[in-house]
Structures are given as C-alpha cells and as structure tokens.
Amino acid sequence: MKYNIYFLMNKFLENLVIIEFIVCSGSIRFQCASPKVSMMVFLVTCFLFFVFKRGTKKINFIFNFKIISIITLWVFINTHILHLDKIDNSYLDYIFYLIGSGLAVTVFDFENFRFKLLKYLAYLSFISIIVQVWHDYFGLGSTFVNIPGNDGWAMSLYFFNTEWGENRLASIFWEPGQYQIVLIFVMGLFYKEMLDPFTLKPYLKHLLILTIALIMTISTSGYIAFGILISGAIVNSAYGRKHIYLLPLLSFLAFSIFLLLWNSDAVQKKIAQGEVNEENSFNIRMADNLALLTMVGNKPVFGYGAGTKSAEDAKNKFGSISQSNGWLRSAAENGTPYVLYILVLIYSSIKRRVHIASAALFLLFAFILSQSGEGNTYFPYTYMYVFKYCTQQT
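So, here's what we can say about the structure. Quantities reported herein were computed from a predicted structural model and do not represent experimental measurements.

### Quick notes on the nonpolar core
So, point 1. By size, the foremost hydrophobic cluster in this structure holds 110 residues, and its most contacted members are Phe113, Leu117, Leu189, Tyr191, Ile346, Tyr383 and Met384.
So, point 2. The dominant element in this core, judged by the number of residues it contributes, is helix H5 (residues 91–107), at eleven residues.
So, point 3. Setting aside residues no more than four positions away along its own chain, leucine 189 makes contact with Phe110, Phe113, Arg114, Leu117, Arg353, Met384, Tyr385 and Tyr389.

Here it is in structure tokens:
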C-alpha cells in the first residue's frame, strides 16, 4: 500500500512538472495572471519531484548543480552587490525557473520527458486549433480579460487567447510569438530524429500537429526559425551525409524551403509594416533591438542588473518599448557573459545529441531567432537544453 501511494505520487508529480513546463512558459491564466505564484509553484513542484524520485541515480547532479550555482551567483551578485538600486524582485525569475528546471531535469529520463512533453503539447495544440477555428468561423464567443500589468486579452472557453490579430493561433499563451517559441523548442528535442527521418515515425503525428499549429500562429520569427530548423535537418541528414554528391541538391531544397517561408504573406506583411506606420510590431521590435543593443554596448560585462532603477531608466532613455528581444534583454540586464554561457551550454547539449557540429549550429540559430521577438529567456523551455538528464540516449 505504501509503495502504491509512493508510485502514484511520483507519477502525479512527473506529469504535473511536464505540464508546468508548458503553462509556466507564458500562459495567460497561470503565468501572466500570477507570475510570482506560478514561479514559486513551479519551483516547489520540481523540488518535490526531485525528492520523490528516490530510486533514480542522480548521475548528473554535480554537473547540473555547478550550472545552477554559477548562474545563481552571477545574477545575485550582479543585482545585490554590483547594482544597489533594485526596485523589484524580477531577478528571481532568472533564478527560480533555473533551479526548478535543473532539479527536474536531473531526475528525468530524457526519452520519457520529451515524449510526454511532446504528447501534452500536441494535445493542447490540437484543442487550440479546434477552438480557434470554432471562434473564427463558427461564432464561438470570447470574454475580455483584464489582468493587472497587461493590456488584456479576449479569451474563449476561459483558457484560450482567440483574438490576437486576424485568425492567428495563440493557444493559451499571451501572443502567437510566445507560442511559437514553445513549439520550436519542443520540436528541437527531436532534431536528432529529423536528421534520420526513418527514426521519426513514433513521433510523427504529434510533430505534425505542432507544425500545423506553428503555421497557424502566422509568426514571422516562428516561420524563419522553422525554416532554419528544417534546412539544417535536410543539409545534415543521414541520407545527405551518406550520399555527399547530393549535398548541392539538398542545400538547394533547404534554401528553397527557407525562401518559401521568407516570402510568405506573414513575413512580408510584417516587413512591409515598417513602410506604413510607426506603431506596429516590426518597428516596436526594431526600437527594442536598438535600445537593448545600446545598453549592452554601454555595459557589456555586467549589464544594468535585473529589476534595477538604472535598467528601467536606460530602457526608457534609449527607446525600448517592450524589451522584446529575450537574448538582448538578458545581456542588457545580466551582461554578455551570462548570455554567452547559456548559449554555449545549449550548443553543447545539442552537439551531445546529434554529434554533428553544423547541425547543432543550425538548431542553435533557430532558437536564437525564435526567441528574438519575445523578452523572456528564463522560462523552463530554455533549460531543457542547459542541464543533463538522468538518462539520455545520444
């Protein structure tokens, strides 16, 4: 009886952690509505899962603990010692999601984690597609929800953000741009199988649902990132490496796919916005990029600190409207070494799985492009590639 209770609790926490990897990555009803509560719930759930997973050999605990310690100390010293004008506790976002993800990944079997994450995200995406089509073409209503600190959203069936732009799929997230990041990062967990499509069959139907959802986001960053991901998979495929004489043809195919996505209506309309008016997402993101780049150039090593008065003053001074580039925002707040360390860890993780340096660079570049339109690099999906899993096929 005691064993059954332990087993059930372990399975419950395992599934709850995987669900929280999704909903803590920008969902409106959970992460946006209660950002500090969701952060704490995620950390506590991951800690309990780590403790309950007693039978698991924590073979990578020391490796992961070192990463947690280095990043936590860097952010804490940067915020509390190097910068003494802290005005809020937003720096904790960089720490709590890091620690929670590290604890969970340490005791997760890689295959079990990624398949369940793919499955749950595919279920969510399938339901989201149905709800969006129902809303756009068959009269499903929506209710405006105003959450303090945000502009508000039109929600259908309580959870689904159905009126972000014209017929754009945002699912449960604050906008389609954030949704596409989650989709791209989860797809990346199956990049090794994409290099050898014959091994992709067990995951194909779920990945197809994610691909349809990605197309329906009509996200420029998502389209370009997906084009890079697919191009890298084609160029570095097992078939292409075995038949090297086909490399020019495969490269042309990859470039054609990228060009097709680049010339899609979604991308070209977004680029054309810059020629029409100043108040649009394209120009807002360009203003954010320039402002954050200026901040990084002014303080490249330690940045301005997260949640400090000097950081907020600099963003206002240099014209950052929504600090929408996650990598530049992280560098502006925590310094360039912080971002480079995260990116090196992500690259190393991908390289361990695919064993091909050029393929790892393609996927890393896709991640960088995907996250370049939204401001939060500290969500759990980033750390899926930072830490080592308990067991992982390579």
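### Concerning the packing of helix H4 (residues 61–82) against H5
So, point 1. Put simply, H4 and H5 touch, their axes get as near as 10 Å, and they point 175 degrees apart. With respect to their mutual orientation, H4 and H5 come out roughly antiparallel. In this structure, H4 contributes Phe61, Asn64, Ile68, Ile71, Thr72, Val75, Phe76, Thr79 and His80 to the contact, and H5 contributes Tyr91, Tyr94, Ile95, Leu98, Ile99, Gly102 and Thr106.
So, point 2. Along the lines of polarity and charge, the residues of the contact of H4 with H5 split into ten nonpolar, six polar and no charged.

### Concerning the environment of valine 44
So, point 1. In this fold, valine 44 is placed in helix H3 (residues 35–52).
So, point 2. For the pair valine 44 and valine 17, spaced 27 residues apart in sequence, the C-alpha separation works out to 9.9 Å.

### Things to note about the side chain of arginine 168
So, point 1. Residue position: arginine 168 is located in the loop between strand E3 (160–161) and helix H7 (176–188).
So, point 2. Buried and without a salt bridge, arginine 168 has glutamate 175 as its closest oppositely charged side chain, separated by 5.3 Å.
So, point 3. At 2.8 Å, the side chain of arginine 168 and the backbone oxygen of threonine 217 are in polar contact.
So, point 4. Within polar-contact distance, the side chain of arginine 168 engages the backbone oxygen of isoleucine 218 at 3.2 Å.

### Let's talk about the pattern of salt bridges
So, point 1. All told, the structure shown has ten salt bridges when counted by the stated rule.
So, point 2. The partner of glutamate 14 in a salt bridge is lysine 11, and the shortest N-O contact between them spans 3.6 Å. One end of the pair, glutamate 14, and the other, lysine 11, are both in helix H1 (residues 2–23), three residues apart, so they sit about a helical turn from each other.
So, point 3. Its salt-bridge partner being arginine 114, residue glutamate 111 comes within 2.8 Å of it at the nearest N-O pair. Of this pair, glutamate 111 and arginine 114 are both found in helix H6 (residues 110–138), three residues apart, which corresponds to roughly one turn of the helix.
So, point 4. It is possible to trace a salt-bridge network through shared partners that takes in Lys11, Glu14, Lys53 and Lys116.

About the thresholds
Residues numbered from 1 in each chain as written. Predicted model: local features only at pLDDT ≥ 70, side-chain atom pairs only at ≥ 80, totals over all residues. Heavy atoms only, no water. Core = buried A, V, L, I, M, F, W, Y, C linked by side-chain atoms within 4.5 Å. Buried < 20%, exposed > 50% of the residue type's maximum accessible area, 1.4 Å probe, protein only. Helix = DSSP H or I, 4+ residues; strand = E, 2+ residues; numbered from the N terminus. Contact = heavy atoms within 4.5 Å. Axes fitted to C-alpha atoms, helices over the stretch in contact; angles between N-to-C directions. Parallel < 35°, antiparallel > 145°, perpendicular 65-115°, else oblique. Nonpolar A, V, L, I, M, F, W, Y, C, P; charged D, E, K, R; others polar. Lys, Arg positive; Asp, Glu negative; His and termini not counted. Salt bridge = Lys/Arg side-chain N within 4 Å of Asp/Glu carboxyl O. Polar contact = N/O pair within 3.5 Å; in protein donor to acceptor, adjacent residues only side chain to side chain.

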